[in-house]
Structures are given as structure tokens and as C-alpha cells.
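# Structure assessment
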Amino acid sequence: MKTYNGMYLMGNHPDEDTFVQAAVRGLEFFDFLEIGLPFSDPVADGDVISNASNTALEKGVTPDKVFRNIEKIRTLVPGHKHLYVMTYANHVYFRGIDTFMEACVSSGVNGIIIPDVPCRESVRFSSVASANGIWYVQFITPESSREQVIEASATATGFLYSISVRGITGGKAGFSDDILDNIRIAREFSRVPVVLGFGIKTIDDGIKSLHSADGFIMGTRLVDMLYSKGLDSFSMFISELSNNYSV
Amino acid sequence: MYTMPDEIGYFGEYGGVFIPETLVNTLNELESAYNFFCQDNNMQDELRQLLQHYAGRPTPLYLARRLSEKYGATIYLKREDLLHTGAHKLNNTLGQILLAGYMGKKRIIAETGAGQHGVATATVAALMGMECTVYMGSVDMERQRPNVSRMKLLGAEVVPVNHGSRTLKDAINQALRDWVTNCNSTHYILGSVVGPHPFPRIVRDFQSIIGEESLTQVIEQTGGMPDDAIACVGGGSNAAGFFHPFIHSKVKLTGVEAGGRGMSDGDHCATLTTGKPGILHGCITYIIQDNNGQVLPVHSVSAGLDYPAVGPEHSFWKDSGQVSYAHCSDTQAMRACVELSRLEGIIPALESSHALGYLMEHSEKFRNRTVLINLSGRGDKDMDTILKETGL
């Protein structure tokens, strides 16, 4: 099966041009991009992404400003490269779920990921997403029971986000039996790729992920690299990834 | 019959479970533990014993004669300031530590604003021999230093939180991050009626003893029901527990939020007056946020009220009109703190001073009425702030 690997970048961070260029460059290797909308209270994120969120907010980044750049990225990358918005529930709820999904549609977003909406609360979001043709990503975790994995697998569209560890973004990836077993169950029931994320930082982490999952997501490492080392280092790392995995 | 929250954790439109998927089963486990507690006489008896012999319940309902005389009403104070550790917070932490023990958890975490919930958590963790970590915004650590020392003395680790506004909101964020990482070993004793289901219900129920005792005591002392009940509201735990037994009565209930320095953005935390519904810390509720859905900085002289959201049940009560919500400024609360100290020889916490301040500022509304005020905590922890603000 073809792999489905993704990267996460914070929207408009560290600045608009760098963000757009990194997105386009990264999507030469990755199959999809998750775009974070900065939020004041990112409880699922570790220091690197939380700090990126704060820095973006201090610079006046708003959801609309990020959507404008998503629209731009959409015109610069081929249609089979997918764009997901990753945002906390308040952004979607506060704007109005319909209005938010319409903004996704008009900027060329393919799917939405909301880390503080568990499966049990997801219908009010996923039903509107689906009505607008936007994929709704569900999660499985090391804590999920078999029934929960089956339910998430049955309802996920786009891909199924498999969280490698109990924890927040930016920690150390886990490949324990609880998550590997759940990935196996998910792949049996899911119609979409099962992708491993949280703590995937090295080429080796990626290779390990692909032993069990359909793909991996790299976030913290890339956000950090882009911010602290700049676009050239980021670009070199993308080349390194391309050389190590068959695309 | 009042049956909120419903079986999926909603108070009408408010509440719910908006947390990372990883915590879903941990919250289910907590709900099962609480349901067991509600059916189990032994556990309930253990809590009753602790509340009586360890914490000092029932707390008095005190007729404040000189205060009543000056403000033209019959004013009773529910003396939660006399509870062990100096505030109502212990009612909840004693209940939750029993749930933690039942679930086999070995480690306790908590957030704290004023430090009262942190002290109450450190206290019960010491009592049960459990490891305890308390997250506290670094701004709050500075303004509530005595409580930081108390927590340390009780054996808790106090972790400063330097993110965001470095107050209660950010302490909750950090506690949630810890919990999602250590959910198997750790129980998070959330200190207010906020957060994901079942916390708003559990905390309200454990705090309802305030209202239940007040109801019995006021009938014993006056032969009837009061006209009004007033409590301060930050997250809203003391108010929720105080109001709950009165919710279907004719008693007029007023929750008083912190009006801070004024009603401009960033100067207050009057969430129910100025906020809009949103999702923060696990539930749908009123939140102080900007037009882009970013949670705004808030201010109150009182660290325990310095919070940009409120419990979902208060949001429901506001919309249904079952409770009225008002606000009291920093200055009015400070004046009330001095006034009560000098009229009654009781130094109230700055949080509770907001409920008193509202009554004093609007005494015409309460003339010749019988008013219960929940004196949720004592003011010892606030001495630095009080001295600075009043120039005493």
C-alpha cells in the first residue's frame, strides 16, 4: 500500500512567506500538510508548538489570515497533496461550525483535525464537515479500547490519526504494544490510511512508524527547525527525508 | 426535580467532554467511580466522618448583627472561612481524594489560582499519603506567597507556570497536559465546577453541603427561608454548591463576578456579563474572548476569581434566569474586606469580599430582606495585597 505521510506547520509562522514556501517545499515529499491555527490555550501541545502559537498570536495572526495563505498554497501544490486544518474546538464553535467549514471549502482545505474533540463529541462537527465535503479526522490512542478503535475507524474520513503516546505533541514517540495493537485493529476496519503521530522526530522514527502504520506525521521537529534554523535547513531536511523513503 | 447534567454531561447547551481522545477513558473511569460513591454507604460515611472530624463541618451560619444594622438587612454569613485550610475548597478535595483512592491512583495533581485549592489538595494528599503536584501561575505564586509555603510544608511540589497570562487559566492548561501524559497513575483534582464532564457535577455535588447546611441552619434560626443568597463566582464552585439546594426555591440567587478595574477588555473577569459561549478547558461555556475566538487576558485583584471562563452550569443558570449574575470591582471588594473586618472581626478572602461588596454597594435592593452570603474563605492569604491596596 502506498504510504500517506504528513507534516504539521503552524499557520503563517514564523512569517507568511516562510510558511508558504515551507509548505510547498515540504509537500514535494509529504502527502499532506496539517496547518495549525494559533490558539491562546493549546492544551494538546508541548512547548515548541505552544510557543509557535503564542508567537503567531503576538504577531497578529488570525484564522482568516491563515486561510488566505492556505488558498495560496492550494494553487501552488498539486491536487493530490492534501491540506488539513488542525485547530482547537473553540475556533470552529465560536465562528459557527457551518461558517468555519465554508471557509475551509473556499480556501481549498480537504480535511479538519480538532485535537480537543474526542469521538464522543464529534458528530456535531463531522456531520457539518461531511455536508461540505470536508474530511473529518478521528483519533485512536494507546488508551482506546477495541470498540473505540472500531468506532473511530468506521467514522474517520481523510485519515485516522493514531496518537503514539499518552501525552502532548513534542514528546518522545511510543511504539508500545497498546498502540501497535490498536493500529492493527484500525487497519482492519478503516477505509482511510492509519497514520502515526506525536513524537515522530527522526528518520528512524518514521521508518519504525511505517512498519505498522500507513504513514507518519512530523510536527514539532519541523516547526522548531523552521523557526530556529530557517528555510534552508528545513529544505535540506526534506531532501534527506526524500532520500530515505521511497516516494 | 433538577436532573442536570444529562447523561452525556450537558447542562442544556453547556458542558460536554472537549478534551483529547486520550483522556476519554480516564474520565469514564472517574464517572464510574463517582457513580459507585453515590451508591456506596461506606464511602459516603467515610466522607461524612472526614468532613465532621477532620474538616470541622458543619460550619456556622452567623447572623452578622453590626453589618446587618449598618446595611438595613438581616445578613447571615455562611462561615466556610472556618473550614480546615480556610476555605470551602476542602469539601471537594476530600471527596475527590476518596475517589482517587477507589480508582487506585497513586499521584494527585491540581491547578490553583489563589492557592486555596492547592492547599486543600496538598492537605488531602498528605492525609492519604499520596504524591502531589500543584500547578500555579507564576503571577499567582507571587501574590499568594503564604499559600505556596503552606503547600510546600504539606509536602506538595508547586510547579510555576510561565505560559500565557501565568494565572489560573494557564495552570489548568498545564495540569491537563500532565494528566494526558500520566492518566494511568494520576488523578487530577480539579478545583472548580469547570472542565469536562463529570467534573462540573462532581465538584458541585461535593460543594452542595454548603447550601444544604445553610438551608437547615437558616430555617432553624429564622423559622423560614431567606429572601436572597449571594456568592462570588470565579469558576463558580462555592456558588454552585451554595445555590444548588435553592435552585427551585423562591430565594433570589445572585452570583458576583470580579469587575476588576472596569469593564474594558483585560480589566475584569465578568465572564457571564461580557463573555460569549465557546469551548475552553473541556466544556462549552461562557468565555471572555476576542472576535477571533482567542481567550482574552483578564484581571481581578483576587487570584481565585481571575479566570476567563465559568462553570457550564452557571452558563445554563444565566440563560435560564435561575441565577442573576452581577459584578463587583476591585475597589468595592477591598472596601468590603475592610468593612467586614472592622464591623464583625472577620477578615474575609478577597474572593468572598466580592459577594459582600455587591451587597454593600446595592444595599437598597436588600433593605429589610434576609440575606445569606457565602463567606467562602478567609483573608489571611491576601494580607500582602490588602496592605498594598489599602495603604494600612
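What counts and how
- Residues numbered from 1 in each chain as written.
- Chains lettered and ligands numbered in written order.
- Predicted model: local features only at pLDDT ≥ 70, side-chain atom pairs only at ≥ 80, totals over all residues.
- Heavy atoms only, no water.
- Helix = DSSP H or I, 4+ residues; strand = E, 2+ residues; numbered from the N terminus.
- Rg over C-alpha atoms; globule rule 2.2 N^0.38 Å.
- Buried < 20%, exposed > 50% of the residue type's maximum accessible area, 1.4 Å probe, protein only.
- Contact = heavy atoms within 4.5 Å.
- Areas by Shrake-Rupley, 256 points an atom, 1.4 Å probe, with all protein chains shown as cover.
- Lys, Arg positive; Asp, Glu negative; His and termini not counted.
- Charge placed at Lys NZ, Arg CZ, Asp CG, Glu CD.
- Pairing = 2+ DSSP bridges.
- Axes fitted to C-alpha atoms, helices over the stretch in contact; angles between N-to-C directions.
- Buried area = accessible area lost by both parts, 1.4 Å probe.
- Salt bridge = Lys/Arg side-chain N within 4 Å of Asp/Glu carboxyl O.
- Polar contact = N/O pair within 3.5 Å; in protein donor to acceptor, adjacent residues only side chain to side chain.
- Parallel < 35°, antiparallel > 145°, perpendicular 65-115°, else oblique.
- Core = buried A, V, L, I, M, F, W, Y, C linked by side-chain atoms within 4.5 Å.

In terms of regular secondary structure, chain B is built from 15 helices and 14 strands. Taking 2.2 N^0.38 as the reference for a compact globule, 392 residues should give roughly 21 Å; the C-alpha atoms of chain B span a radius of gyration of 19 Å, in line with that estimate. By its C-alpha atoms, chain B is 55 × 45 × 40 Å across when sized along the principal axes. Counting only residues that meet the buried cut, chain B has 65% of its 392 residues in that class. Put simply, of all contacts in chain B between residues at least 6 apart along the chain, 73% involve residues at least 24 apart. Total accessible area computed for chain B in this model is approximately 13200 Å², and 49% of it derives from carbon and sulfur atoms. Taking the average location of the 33 positive side-chain charges in chain B and that of its 42 negative ones, the two points are 5 Å from each other.

One key point about sheets: their strands pair by backbone hydrogen bonds, in either a parallel or an antiparallel sense. Residues and elements named next belong to chain A. Spatially, nine strands are ordered β5-β4-β3-β2-β1-β9-β8-β7-β6 in an open sheet, and the strand pairing comes out parallel. The open sheet is flanked by β5 (135-136) and β6 (138-140), the only strands paired with a single partner. One ladder, built from three bridges, connects strand β3 (residues 82-86) with strand β4 (residues 111-113); its direction is parallel. Bridge pairing in β4 links Met86 to Ile113. On the sheet, helix α10 (residues 220-228) packs against β1 (6-10) and β9 (215-218) and is oriented at approximately 45° with respect to β1.

This next bit is on the interface of chain A and chain B. Contacts between the two partners involve 37 residues from chain A, matched on the other side by 38 residues from chain B. A combined buried area of about 3200 Å² lies between chain A and chain B, and 51% of that area is made up of carbon and sulfur atoms. A per-residue breakdown of the area chain A buries against chain B is headed by Val43, Phe94 and Arg120 of chain A, which together make up 20% of the total. Where chain A packs against chain B, one counts one salt bridge. At the boundary of chain A with chain B, the tally comes to 22 residue pairs in polar contact (both at pLDDT 80 or more). With five residues, the single largest contributor to the side of chain A that touches chain B is helix α4 (residues 89-95) of chain A.

The subject of this paragraph is the pairing of strand β14 (residues 370-375) of chain B. Residues and elements named next belong to chain B. Here β14 lies mainly inside the structure; six of its six residues are buried. Of the two faces of β14, the one carrying Thr370, Leu372 and Asn374 and the one carrying Val371, Ile373 and Leu375 are both buried. Direction of pairing for strand β4 (residues 74-79) relative to β14: parallel, over a ladder of six bridges. For Arg79, the partnering residue across the bridge sits in β14 and is Leu375. Pairing of strand β9 (residues 228-232) with β14 involves three bridges; the strand directions are parallel. Across the sheet, residue Ile230 finds its bridge partner in β14, namely Ile373.

All names here are of chain B. Packing of helix α5 (residues 116-128) against helix α7 (residues 145-153) leaves a shortest axis separation of 9 Å and a crossing angle of 10°. As judged from the angle between their axes, α5 and α7 are roughly parallel. Residues Gln116, Gly118, Val119 and Ala122 of α5 lie in contact with α7, whose contacting residues are Asn147, Arg150 and Met151.

Under the criterion given, the structure shown has 31 salt bridges over all chains. The residue Asp181 of chain A makes a salt bridge to Arg184 of chain A at a minimum N-O spacing of 2.4 Å. Of this pair, Asp181 of chain A and Arg184 of chain A both sit in helix α8 (residues 177-189), three residues apart, which is roughly one turn of the helix. Accessibility expressed as a relative area gives 54% for Arg184 of chain A, which makes it exposed. By sharing partners, the salt bridges in this structure join Arg57, Lys78, Glu80 and Glu213 of chain B into a single network.

On to the nonpolar core. In summary, soluble globular proteins display a tendency toward joint burial of nonpolar side chains. Counting residues in hydrophobic clusters, the biggest one holds 96 residues, and the most contacted among them are Leu9, Phe30 and Phe125 of chain A. Element by element, the count of residues in this core is highest for helix α5 (residues 97-107) of chain A, at five residues. Setting aside anything within four residues of it in sequence, one finds Leu9 of chain A in contact with Phe19, Ala22, Ala23, Leu33, Glu34, Ile35, Gly36, Leu222, Val223, Leu226 and Phe234 of chain A. Ile19, Met141, Ala171 and Leu176 of chain B belong to the second-largest nonpolar core, a separate cluster that totals 65 residues.

Looking now at the side chain of Asp205 of chain A. Residues and elements named next belong to chain A. Mapped onto the elements, Asp205 comes out in helix α9 (residues 203-212). Among buried Asp, Glu, Lys and Arg side chains, Asp205 stands out as unpaired, with Lys208 the closest opposite charge at 5.2 Å. A polar contact of 2.9 Å, which involves the side chain of Asp205, links it to the backbone nitrogen of Lys201. Contact partners of Asp205, with chain neighbours within four places excluded, come to Phe175, Gly199 and Ile200.

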